[in-house]
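Chain by chain, the residues:
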Amino acid sequence: MLADLHEAPSSLTINTDVCIIGSGVAGLTLARTLLARGVHVCLLESGGRDHEDPIHRLGDGDNTGFPYYELQESRLRLLGGTTAIWGGRLAELDPEDFEAKPWVPHSGWPISKDDLAEHYRAAWKTFDMPAEAEVPGWLDAEAKRLAQASDSALEVGYWRFDTRFNRFTHRNIEDVTGHPRAQVWLHATVTRIQATEDGSRIDHVVARDMAGHKAIVRAQRYVLAAGGIENARLLLASNDVWKNGLGNAYDQVGRYFMEHPHARGGRVVTERSWPLLKVLARSHRHRGTRLAALLRPSRALQEREGILNTAFTLGARQSADASMFLPLKLYNTLKHRLPPTEAGRRLWMFTKQSAVWLHEHIDPLRPWLLLKSGRRELAIVVRAEQAPNPSSRVRLGNRRDAFGIPRVELDWRFADIDKRTLQVINRHFDAMLQRTGLGRVETQDWLNEDGPLWQTDPLISSHSFGGYHHMGTTRMSASPRTGVVDADCRVHGIDNLYVAGSSVFPTSGWANPTLTIAALAVRLGEHLAVRKEREDVFVPQTIYSAPQKVAAR
């Protein structure tokens, strides 16, 4: 059932098995998993089918640390969430990303990649892709040849791309919105997560719309799936029982905010750019799948040099001190200035798909000619892992939104290891290039010892600050002293409250988070389904009286 709080009575109560707050990749994947296991689901979405400016402005906040995107522009509030403008990159975390590393403070997951293996396979199916990537033979051989020339310091990785950009929008999720065991409520902004008097369970959540309608949702289990900023915000703002917020007895909620920050690492000086462009500066189509290669430090190099698992590619870019090229200005205007309505998103996606088509059919000839003519340089394009840093955090600010909920302040911070990782990678990439006679690396000035910890560059990527990946703010941990949720994504100390999404990531690796978000959502859905089978459940229904309890069948 798809319903709208705008059209509901002024006050109602909804009973269900599992209440999910948020309808992005995490919320929808979780809902599908639960529905397939016979569980009744109520999914609450703050927005409607499309962008609405008053709803969008609920996500406004303030940046108080390292410069970042305007917070309301860094995520969407509508059915399907921010996937409506998702770029489609998919990759699994590497096994070492889950491990505790002595040289990376606060690293380590309470689960291993093996624990997530079957769920990764299920997640690939969500995107209609096989778990194992098929790479063109020539690309695999050329990429491995480059990596071997680094004396095993660098390794090859691959992104795959989901080309169905509207996979999670309202037109393509009727299997959820039309399911007899699902209630999907639009314009249902959760304003409070109400704990019981002793704080050990959640009693209900309150959802409201702009017109004054109110819903109370009572469930056996509650799952926050509202993104890395909103998950922390709601936990912190629900502070009438726990004064510091839910799951925050040890001041962990909102800390460890991570992105995949972008940067210009330097440039390659070469007379032989073609083989590098062919492998590391373009995407490829193979048997219906679009993919792209990258280089990253090997596990051995990470351990030997004490660095992070940062990825980089190459690209023909304007120099750092140049004026922005007109087509890039146009793309940025479409991406960041047009309202993200369905029409606006289609225009942006048409522009993006046109650029991809040209990229695949003309490159590497176009960038090669630009490099030869001196109009571009061969830049090192960094998409970095960021170290978990407790000082990098989301807080509640003094300003409030239309519902009276405190707006967030993002204090984004970097650490020495973030910068040092690029210094080490550049050194080994330079050795590889010189060993193969392909050129040399000129490191960017900001990477000198007296430079800043990080420096963004609007000419290196259309997304200058990072990938819009909000991670770490409700991190998974074995103890409430070091995180917010346990290995099952349950909030420490609260029996029936869970969190889904990249906010539970203790570390981020180089891989874009979407695939891991989906895998964790599948895993959480299976866990909740098993719990439901073992315990009494509420009768799922929409009512205007007290809930009824029955024995599980």
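Residues numbered from 1 in each chain as written. Predicted model: local features only at pLDDT ≥ 70, side-chain atom pairs only at ≥ 80, totals over all residues. Heavy atoms only, no water.

## Brief notes about the overall build of the protein
Here is step 1 of the chain: Tallying secondary structure elements over the protein gives 13 helices and 22 strands in all.
Here is step 2 of the chain: Rg of the C-alpha trace for the protein: 23 Å, near the compact-globule value of 24 Å for 553 residues, within the 12% margin.
Here is step 3 of the chain: Dimensions of the protein along its principal axes, counting C-alpha atoms only, are 75 × 50 × 45 Å.
Here is step 4 of the chain: Relative to its 553 residues, the protein shows a buried fraction of 60%.
Here is step 5 of the chain: A separation of at least 24 residues holds for 76% of the contacts in the protein among residues at least 6 apart in sequence.
Here is step 6 of the chain: As displayed, the protein has an accessible area near 21,700 Å², and 49% of this comes from carbon and sulfur atoms.
Here is step 7 of the chain: Positive and negative charge centroids in the protein, built from 70 and 64 side chains respectively, lie 2 Å apart. (Helix = DSSP H or I, 4+ residues; strand = E, 2+ residues; numbered from the N terminus. Rg over C-alpha atoms; globule rule 2.2 N^0.38 Å. Buried < 20%, exposed > 50% of the residue type's maximum accessible area, 1.4 Å probe, protein only. Contact = heavy atoms within 4.5 Å. Areas by Shrake-Rupley, 256 points an atom, 1.4 Å probe, with all protein chains shown as cover. Lys, Arg positive; Asp, Glu negative; His and termini not counted. Charge placed at Lys NZ, Arg CZ, Asp CG, Glu CD.)

## Some thoughts on the sheet that holds strand 4 (residues 61-63)
Here is step 1 of the chain: Taken in spatial order, the three strands make up an open sheet running 4-17-16, and their pairing is mixed. The sheet is open, and its two edges are formed by strand 4 and strand 16 (393-400), each paired on a single side. Adjacent strand axes in the sheet meet at a mean angle of 30 degrees, parallel and antiparallel pairs treated alike.
Here is step 2 of the chain: Bridging between strand 16 and strand 17 (residues 406-411) involves five bridges; their strand directions are antiparallel. The partner of Val 394 across the bridge, within strand 17, is Leu 410.
Here is step 3 of the chain: Packed onto the sheet, helix 6 (residues 230-237) meets strand 16 and strand 17 and runs at close to 65 degrees relative to strand 16. (Pairing = 2+ DSSP bridges. Axes fitted to C-alpha atoms, helices over the stretch in contact; angles between N-to-C directions.)

## Side note on the environment of Tyr 222
Here is step 1 of the chain: Along the chain, the position of Tyr 222 falls in strand 10 (residues 214-224).
Here is step 2 of the chain: Under the relative-accessibility criterion, Tyr 222 is labelled buried at 0%.
Here is step 3 of the chain: C-alpha separation for the pair Tyr 222 and Asp 17, spaced 205 residues apart in sequence, amounts to 8.7 Å.
Here is step 4 of the chain: Leaving out residues up to four positions away in the same chain, Tyr 222 has contacts with Cys 19, Ile 202, Asp 203, His 204, Val 205, Val 217, Asn 496, Leu 497 and Tyr 498.
Here is step 5 of the chain: Side-chain polar atoms of Tyr 222 contact the backbone nitrogen of Ala 219, separated by 2.8 Å. (Polar contact = N/O pair within 3.5 Å; in protein donor to acceptor, adjacent residues only side chain to side chain.)

## Here's the deal with the side chain of Gln 194
Here is step 1 of the chain: Among the structural elements, Gln 194 can be located in strand 8 (residues 189-195).
Here is step 2 of the chain: Engagement of the side chain of Gln 194 in a polar contact is seen with the side chain of Arg 192, the distance being 2.7 Å.
Here is step 3 of the chain: Setting aside residues no more than four positions away along its own chain, Gln 194 makes contact with Ile 202, Asp 203, His 204, Asp 240 and Val 241.

## Considering the packing of helix 7 (residues 273-280) against helix 11 (residues 365-372)
Here is step 1 of the chain: Where helix 7 meets helix 11, the axes come as close as 10 Å, and the angle between the chain directions of the two elements is 140 degrees. The element helix 7 and its partner helix 11 pack so that their crossing is right-handed. On the side of helix 7, the interface is formed by Ser 273, Trp 274 and Leu 277, while helix 11 contributes Leu 365, Pro 367, Trp 368 and Leu 371.
Here is step 2 of the chain: Here the residues of the contact of helix 7 with helix 11 sort into six nonpolar, one polar and no charged. (Left-handed = near helix turned anticlockwise from the far one by under 90°. Nonpolar A, V, L, I, M, F, W, Y, C, P; charged D, E, K, R; others polar.)

## Topic: the nonpolar core
When a protein is soluble and globular, its nonpolar side chains tend to lie buried together.
Here is step 1 of the chain: Counting residues in each nonpolar core, the largest one holds 139 residues, and the members touching the most others are Ile 20, Leu 44, Trp 185, Val 205, Phe 429 and Trp 454.
Here is step 2 of the chain: Considering every element that reaches this core, the biggest residue donor is helix 13 (residues 514-534), with nine residues.
Here is step 3 of the chain: Those residues in contact with Trp 454 that sit more than four places away from it in its chain are Phe 66, Pro 261, His 262, Ala 263, Val 382, Ala 384, Phe 414, Asp 418, Lys 419, Leu 422 and Trp 446. (Core = buried A, V, L, I, M, F, W, Y, C linked by side-chain atoms within 4.5 Å.)

## Quick look at the confidence of the model for the protein
Here is step 1 of the chain: The share of residues in the protein with pLDDT of 70 or more is 91%, and the mean pLDDT across the chain is 92.
Here is step 2 of the chain: Every residue in residues 537-553 scores below 50 in pLDDT, and together they form 44 contacts with partners more than four places removed in sequence or on other chains. (pLDDT = per-residue confidence, 0-100.)

## A few points about the packing of aromatic side chains
Here is step 1 of the chain: For the structure on display, the rule yields 18 aromatic pairs.
Here is step 2 of the chain: Taking 5.8 Å as the distance between ring centres and 80 degrees as the angle between the ring planes, the aromatic pair formed by Trp 159 and Trp 510 counts as edge-to-face. Separated by 351 residues along the polypeptide, Trp 159 in strand 6 (residues 154-161) and Trp 510 in the loop between strand 19 (497-499) and helix 13 bring together distant segments of the chain. Here the two residues Trp 159 and Trp 510 agree in accessibility, since each one is buried.
Here is step 3 of the chain: An aromatic cluster of at least three residues, connected via ring pairs, comprises Phe 66, Tyr 68, Tyr 69, Phe 257, Trp 412, Phe 414, Trp 446, Trp 454, Phe 465 and Tyr 468.
Here is step 4 of the chain: Taking NZ or CZ as reference, Arg 290 lies 3.9 Å from the ring centre of Phe 161, over its face. (Phe/Tyr/Trp six-rings, centres within 6.5 Å; stacked < 30°, edge-to-face > 60°. Lys NZ or Arg CZ within 6 Å of the ring centre and 35° of its normal.)

## Description of helix 12 (residues 416-436)
Here is step 1 of the chain: Its 21 residues give helix 12 an end-to-end C-alpha distance of 31 Å, which sits within 8% of 30 Å, the value for a rise of 1.5 Å per residue.
Here is step 2 of the chain: Note on helix 12: the residue one or two positions beyond its end, Gly 437, has a positive phi of about 70 degrees. (Expected span 1.5 Å × (residues − 1).)

## A closer look at the pairing of strand 3 (residues 41-44)
Here is step 1 of the chain: Burial of strand 3 is two-sided: the residues Val 41 and Leu 43 facing one way and the residues Cys 42 and Leu 44 facing the other way are all buried.
Here is step 2 of the chain: Taken together, the four bridges between strand 2 (residues 11-21) and strand 3 define a ladder with parallel strand orientation. Counterpart to Ile 20 in the pairing with strand 3 is Leu 43.

## Brief notes about the packing of helix 4 (residues 137-148) against helix 7
Here is step 1 of the chain: Relative orientation of the contacting elements helix 4 and helix 7 amounts to 115 degrees, with a least axis distance of 10 Å. Viewed along their axes, helix 4 and helix 7 form a crossing whose handedness is left-handed. Mapping the contact onto sequence places Trp 138, Leu 139, Glu 142, Ala 143 and Leu 146 in helix 4 and Leu 276, Lys 278, Val 279 and Leu 280 in helix 7.
Here is step 2 of the chain: For the contact of helix 4 with helix 7, the residue count by class is seven nonpolar, no polar and two charged.

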